[in-house]
Amino acid sequence: MANSIPRQLAHKFWPGPLSLVVPINPDGGLNELISGGLDTIALRQPRGIMAEIAAKLDAPLAAPSANTSGRLSPTTARHVADDLGDEIDLILDGGPCAIGLESTIVKLVNDEPVLLRAGGITLEALEAEFPVMRLNDNTSIEAPGMMKSHYAPRANLRLNVDTVQNDEALLAFGPPVGGDPVAMLNLSANGNLTEAATNLYSYLKQLD
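## Focus on the layout of surface pockets
Part 1 of the argument: Looking at the second largest pocket, its volume works out to about 740 Å³.
Part 2 of the argument: Lining the second largest pocket are 25 residues; nearest its centre among them are Leu157, Arg158, Ala169, Leu170 and Leu171.
Part 3 of the argument: The set of elements that each furnish at least two residues to the lining of the second largest pocket consists of β7 (169–172) and α6 (193–207).
Part 4 of the argument: Across the lining of the second largest pocket, the residue classes tally to 19 nonpolar, two polar and four charged.

Shown next, in the form of structure tokens:
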């Protein structure tokens, strides 16, 4: 990461839920499987057990997400086991995710930061450091979470409802709406966005 903007972002937000998409060094020797054949690569410095493992290896780790493509992101080891089951040999349980959302993804090409995916670090926090942050206006898929259907439960969802039907479950935020749901969970009864983000995928999975 030769230019200053990736280094500044990394210094401010790492370790933490920020993925930086940067150009690949053609002489770096990376297998193209790591980048999906693209000329960029996403880098992140996490917290927790994976950071501890990487530190002991003194080398970066390459890994996919721990969920079936298109399905809800796991926030506990139990979620991973329920989704992937016998397809994997080992699950490391570092406890539930402190932040329930995916990492924020910022692409940095030609010294211009572009927000590809909103996540655990808000746009406001990024713009406090880099007011020139641009929102992605490209329709091509450049990062996870940009597909038409992604992180989806099996059940159909209705958003911003005023009344719940008798055969529906309710994922509320703040005061519940009218109706008689078959089940209900509240992301945050007092409307706290941080609490809601932490609970989102776990509650979707429970109601699913």
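Now, onward.
## Re the nonpolar core
Part 1 of the argument: Ranked by internal contacts, the top residues of the largest apolar core, which has 16 residues, are Leu9, Leu18, Leu20, Val106, Leu108 and Leu126.
Part 2 of the argument: Mapped by element, the contributors of at least two residues to this core are α1 (4–13), β1 (18–23) and β3 (104–109).
Part 3 of the argument: For this core, the element with the highest residue contribution is α1, accounting for four residues.
Part 4 of the argument: When sequence neighbours within four positions are dropped, the list of residues in contact with Leu126 reads Leu9, Phe13, Leu18, Thr104, Val106, Leu115, Ile121 and Met133.

## Focus: the side chain of Asn186
Part 1 of the argument: Tracing the backbone through its elements, the reader meets Asn186 in strand β9 (residues 183–186).
Part 2 of the argument: Polar contacts involving the side chain of Asn186 include one to the main-chain carbonyl oxygen of Gly174, which spans 2.7 Å.
Part 3 of the argument: From its side chain, Asn186 meets the backbone nitrogen of Ala189 in a polar contact 3.4 Å long.

## Description of helix α4 (residues 77–84)
Part 1 of the argument: The complete set of buried residues in α4 reads Ala77, His79, Val80 and Leu84. For α4, the arc enclosing every buried residue in end-on projection is 155°, short of the 170-degree limit, so these residues lie on one face.
Part 2 of the argument: Close packing links the buried residues of α4 with α6.
Part 3 of the argument: Two residues or fewer past α4, Gly85 is found with a positive phi of approximately 50°.

About the thresholds
- Residues numbered from 1 in each chain as written.
- Predicted model: local features only at pLDDT ≥ 70, side-chain atom pairs only at ≥ 80, totals over all residues.
- Heavy atoms only, no water.
- 1 Å grid on protein atoms, 1.4 Å probe; cavity = no way out; pocket = protein on both sides within 12 Å on 5 of 7 lines; lining within 4 Å.
- Points joined across faces, edges and corners; volume = space filled by probe spheres on them.
- Helix = DSSP H or I, 4+ residues; strand = E, 2+ residues; numbered from the N terminus.
- Nonpolar A, V, L, I, M, F, W, Y, C, P; charged D, E, K, R; others polar.
- Core = buried A, V, L, I, M, F, W, Y, C linked by side-chain atoms within 4.5 Å.
- Buried < 20%, exposed > 50% of the residue type's maximum accessible area, 1.4 Å probe, protein only.
- Contact = heavy atoms within 4.5 Å.
- Polar contact = N/O pair within 3.5 Å; in protein donor to acceptor, adjacent residues only side chain to side chain.
- Arc of directions from axis to C-beta.

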